[in-house]
Amino acid sequence: MKSNPVVGVLALQGDVREHLIALAVADATAREVRRPEELAEVDGLVVPGGESTTISKLAALFGLLEPLRARIADGMPVYGTCAGLILLADKILDPRSGQETLGGIDMIVRRNAFGRQNESFETTVDVRGIEGDPVEGVFIRAPWVESVGAEVEVLAEHEGHIVAVRQNNALATSFHPELTGDHRVHAMFVEMVRAAG
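Residues numbered from 1 in each chain as written. Predicted model: local features only at pLDDT ≥ 70, side-chain atom pairs only at ≥ 80, totals over all residues. Heavy atoms only, no water.

1. Focus on the nonpolar core
Then step 1. By size, the foremost hydrophobic cluster in this structure holds 33 residues, and its most contacted members are Leu-39, Leu-68, Ile-105, Met-107, Val-109 and Val-165.
Then step 2. By residue number, the principal contributor to this core is helix α5 (residues 83-88), which donates five residues.
Then step 3. Not counting residues up to four positions away in its chain, the partners in contact with Leu-68 are Leu-10, Leu-39, Leu-45, Ala-59 and Leu-102.
Then step 4. Counting residues in hydrophobic clusters, the runner-up holds 31 residues, among them Ala-28, Val-46, Met-188 and Met-192. (Core = buried A, V, L, I, M, F, W, Y, C linked by side-chain atoms within 4.5 Å. Buried < 20%, exposed > 50% of the residue type's maximum accessible area, 1.4 Å probe, protein only. Helix = DSSP H or I, 4+ residues; strand = E, 2+ residues; numbered from the N terminus. Contact = heavy atoms within 4.5 Å.)

Following this line, the structure appears as structure tokens:
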């Protein structure tokens with residue numbers, strides 16, 4: 001069990017820097033991942049927000065798609081926010097053409113479910129497993145989870161929609177905790193990485 005696990009952030013698109021900061025605050029050694037050899041060196045991985053179709057296409061272009069799928073299937077801890085949640089889904093309700101997922105969580109997700117960019121919002125979310133006050137969640141063109149399989153634990157809901165889930169070593173949130181300065185979700189993920197190590 002490593003005290004300071006090495007946690008990568010998939011650095012193809014999205015708010016990479018904010019995740020690196022949040023992971024460092026949570027006592028992980030954080031680094032960017034753009035190539036298969038960098039992926040091989042990490043104990044866990046964050047898949048950030050951004051545009052899920054673009055991230056999946058760039059992952060294919062950089063030769064990362066299959067190595068990512070293999071490591072996730074092999075049990076590498078992974079945490080996806082917003083677009084990352086979409087990429088960790090086994091099924092997308094309304095995929096864009098050519099969009100692929102990494103899989104890892106037995107769930108069906110709906111893209112942009114909470115509306116377009118101008119309908120983005122911030123709200124508090126009670127996340128199971130996080131002590132203290134609710135987590136401040138930033139929802140930007142956020143997806144929600146339509147349904148989950150029997151193995152999936154629902155960690156949070158907002159207005160009756162599932163916005164945080166966990167299945168084994170995979171964690172996903174519809175919202176961006178890295179944009180708020182509250183690093184407790186990242187700390188929970190770093191604990192998952194430690195436990196898996």
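2. What to know about the environment of Ala-164
Then step 1. Tracing the chain through its elements places Ala-164 in strand β11 (residues 161-167).
Then step 2. When the C-alpha atoms of Ala-164 and Leu-39 are compared, they prove to be 25 Å apart, with 125 residues separating the residues in sequence.
Then step 3. Contact partners of Ala-164, with chain neighbours within four places excluded, come to Glu-153, Val-154, Leu-155, Ala-156, Ala-172, Thr-173 and Phe-175.

3. Quick word on helix α4 (residues 65-73)
Then step 1. Of all the positions in α4, only Leu-65, Leu-68 and Ile-72 are classed as buried. Along the axis of α4, the buried positions cluster into a sector of 65°, meaning they face one direction only. In this structure, α4 carries Glu-66 and Ala-73 as exposed residues pointing more than 90 degrees from its buried face.
Then step 2. Among the residues trailing α4, Gly-75 stands out with phi positive, at a value near 100°. (Arc of directions from axis to C-beta.)

4. Concerning the side chain of Gln-167
Then step 1. Looking at where Gln-167 falls in the secondary structure, it is placed in strand β11.
Then step 2. Relative accessible area serves as the criterion here: at 11%, Gln-167 is assigned to the buried category.
Then step 3. Of note is the side chain of Gln-167, whose polar atom sits 2.6 Å from the backbone nitrogen of Asp-106. (Polar contact = N/O pair within 3.5 Å; in protein donor to acceptor, adjacent residues only side chain to side chain.)

5. Focus: the pattern of salt bridges
Then step 1. All told, the structure shown has 10 salt bridges when counted by the stated rule.
Then step 2. With a shortest N-O distance of 3.6 Å, Arg-31 and Glu-41 are connected by a salt bridge. Linking Arg-31 in strand β2 (residues 29-33) with Glu-41 in the loop between α2 (36-39) and β3 (44-47), this pair joins segments that are 10 residues apart in sequence.
Then step 3. Residue classification places Arg-31 among the partly exposed positions, given a relative accessible area of 32%.
Then step 4. Through salt bridges with shared partners, a single ionic network connects Arg-35, Glu-37 and Glu-38. (Salt bridge = Lys/Arg side-chain N within 4 Å of Asp/Glu carboxyl O.)

Keep in mind that these numbers describe shape and distance, not what the molecule does.
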